[in-house]
Amino acid sequence: TNRSQIFLYPNPTTGILNIAGEDIVDIMVSDIRGKPVCIEEINRTNGQIDFRGYPKAVYIIKVVTEKGIQVNKIIVE
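Because the structure is a prediction, the values reported are computed rather than measured.

Here we look at the pairing of strand S7 (residues 68-76)
Part 1 of the reasoning: Pairing between strand S6 (residues 57-65) and S7: nine bridges, direction antiparallel. From the neighbouring strand, Tyr59 faces S7, where its bridge partner is Ile74.
Part 2 of the reasoning: What sits between the antiparallel neighbours S6 and S7 is a turn of two residues.

Re the sheet that holds strand S4 (residues 42-43)
Part 1 of the reasoning: Ordered by their spatial adjacency, four strands build an open sheet running S1-S2-S5-S4, and the pairing between neighbours is antiparallel. Either end of the sheet is taken by a strand with one partner, and the two such strands are strand S1 (7-9) and S4.
Part 2 of the reasoning: Bridge count for strand S2 (residues 16-20) against strand S5 (residues 48-50) is three bridges, and the pairing is antiparallel. The partner of Leu17 across the bridge, within S5, is Ile49.

Rules behind the numbers
- Along each chain, residue indices are assigned from 1 in the same order as the chain's sequence is written.
- With pLDDT at 70 or above as the cut-off, local features in this predicted model cover only qualifying residues; side-chain atom pairs require 80 or more to be listed or tallied, and sums for whole chains, interfaces and linings still use all residues.
- To obtain the side-chain values, all non-hydrogen atoms of the structure were included, while hydrogens and water were left out.
- In this description, strands pair whenever DSSP reports at least two bridges between them.
- In this description a helix means any DSSP run of H or I spanning at least four residues, a strand means any run of E spanning at least two, and both kinds are numbered starting from the N terminus.

Have a look at this one:
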């Protein structure tokens, strides 16, 4: 397969979400209805999103890589 494997953990999370994978170009977060969520702490270099201080909910994480787009549901508890 030529798709990048992206792993998001822990899921559910209580704060820091780790994103492991290769060739990550961009990371976007939206709510369950698709409305973009502005998260200050998206560290694209070490692949972490800091959800501390954000509402407990289900979020959609769209990870854009050089090989395509992977969409994942993340539960913030």
